Amino acid sequence: HEAVVSPEMFNQARAQIQSRKSSTQKQDYGKRKMPLRGVLYCGRCGRAMGTDTSHYKNRIYNYYRCRSTAGGVSPCQNVSLSKGEIEYFVYSHVGRDSDGSYPQSQPLVELRALWNKVGSLIQDELIPIIFEKIVYDPDEETVTTTMRCDALEIMKNVYYGEDREDAPNAVE
């Protein structure tokens, strides 16, 4: 076949297209950005909630919502949560009882103290490690959290390091 476009014209067109491309890369909405991914479940159907992002007037809105089509079942309708609201709730309830009160048991007091001392980036990484499951029930408008029984030990390892012989027994 004879070339429809000369190599020079092709290279000029390619250069023009490259010059119009945005220099910014799409933002990575990875696990660190959506830390409840994999541990947040829909209380209506029991499936894991997925993540969603929408854009409106140069703003980005992040959500967790029931989107799973596992088993050929349609996702639950109108089951979504603002990323900020659900994460704030979960983060602020670490070490609390189911009624939202602060129990005075030593392990939970210690867990809460360590949680408050680590930075938000570390908290993002810890959420899927210290929580077994977080369930949002849209019908009852409740959130139920289940922490791993070794959550305090995990927090101590993160805060003090693996070799904790010189670490205090309790956080003051």
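Preceding block: the structure.
Residues numbered from 1 in each chain as written. Predicted model: local features only at pLDDT ≥ 70, side-chain atom pairs only at ≥ 80, totals over all residues. Heavy atoms only, no water.

**Remarks on the packing of helix H4 (residues 120–130) against helix H5 (residues 151–160)**
To describe two helices that pack against each other, one gives the angle between their axes and the distance between the axes.
And then number 1: Look at H4 against H5: their axes get within 11 Å of each other, and the N-to-C directions meet at 150°. Between H4 and H5, the crossing angle belongs to the class labelled roughly antiparallel. Between H4 and H5 the crossing geometry is right-handed. Along the contact surface, H4 presents Ile122, Leu126, Ile129 and Ile130, while H5 presents Ala151, Ile154, Met155 and Val158.
And then number 2: Split into classes, the residues belonging to the contact of H4 with H5 amount to eight nonpolar, no polar and no charged. (Axes fitted to C-alpha atoms, helices over the stretch in contact; angles between N-to-C directions. Helix = DSSP H or I, 4+ residues; strand = E, 2+ residues; numbered from the N terminus. Parallel < 35°, antiparallel > 145°, perpendicular 65-115°, else oblique. Left-handed = near helix turned anticlockwise from the far one by under 90°. Contact = heavy atoms within 4.5 Å. Nonpolar A, V, L, I, M, F, W, Y, C, P; charged D, E, K, R; others polar.)

**Some remarks on the sheet that holds strand S1 (residues 40–42)**
And then number 1: Strands sit in the order S1-S5-S6 across an open sheet of three strands; the sheet is mixed. Of all the strands in the sheet, the pair left with one neighbour each is S1 and strand S6 (142–147). Averaged over all pairs of adjacent strands, the angle between strand axes in this sheet comes to 20°, irrespective of strand direction.
And then number 2: The strands that H4 touches are strand S5 (131–137) and S6; relative to S5, the one it contacts most, it runs at about 90°. (Pairing = 2+ DSSP bridges.)

**Topic: the pattern of salt bridges**
And then number 1: Per the counting criterion, the structure on display carries five salt bridges.
And then number 2: Its salt-bridge partner being Asp52, residue Arg65 comes within 3.5 Å of it at the nearest N-O pair. One end of the pair, Arg65, is in strand S3 (residues 59–65); the other, Asp52, is in strand S2 (residues 50–56), and 13 residues separate them in sequence.
And then number 3: A relative accessible area of 33% places Arg65 in the partly exposed class.
And then number 4: Given a relative accessible area of 21%, Asp52 falls into the partly exposed group. (Salt bridge = Lys/Arg side-chain N within 4 Å of Asp/Glu carboxyl O. Buried < 20%, exposed > 50% of the residue type's maximum accessible area, 1.4 Å probe, protein only.)

**Examining the pairing of S5**
Every other side chain in a regular strand lies on the same face of the sheet, so the side chains alternate between the two faces.
And then number 1: Of the strand pairs in this sheet, S1 and S5 are connected by three bridges, and their pairing is parallel. By the bridge assignment, Leu40 is partnered in S5 with Ile134.
And then number 2: Counted along the chain from S5 to the antiparallel partner S6, the turn is four residues long, and its residue Glu141 has a positive phi close to 55°.

**Focus: the environment of Thr144**
And then number 1: Relative to the helices and strands, Thr144 is located in strand S6.
And then number 2: Thr144 sits in the partly exposed class, given a relative accessible area of 45%.
And then number 3: With 54 residues separating them in the primary sequence, Thr144 and Val90 have C-alpha atoms 9.4 Å apart.
And then number 4: Excluding residues that lie within four positions of it along the chain, Thr144 makes contacts with Lys133, Ile134 and Val135.

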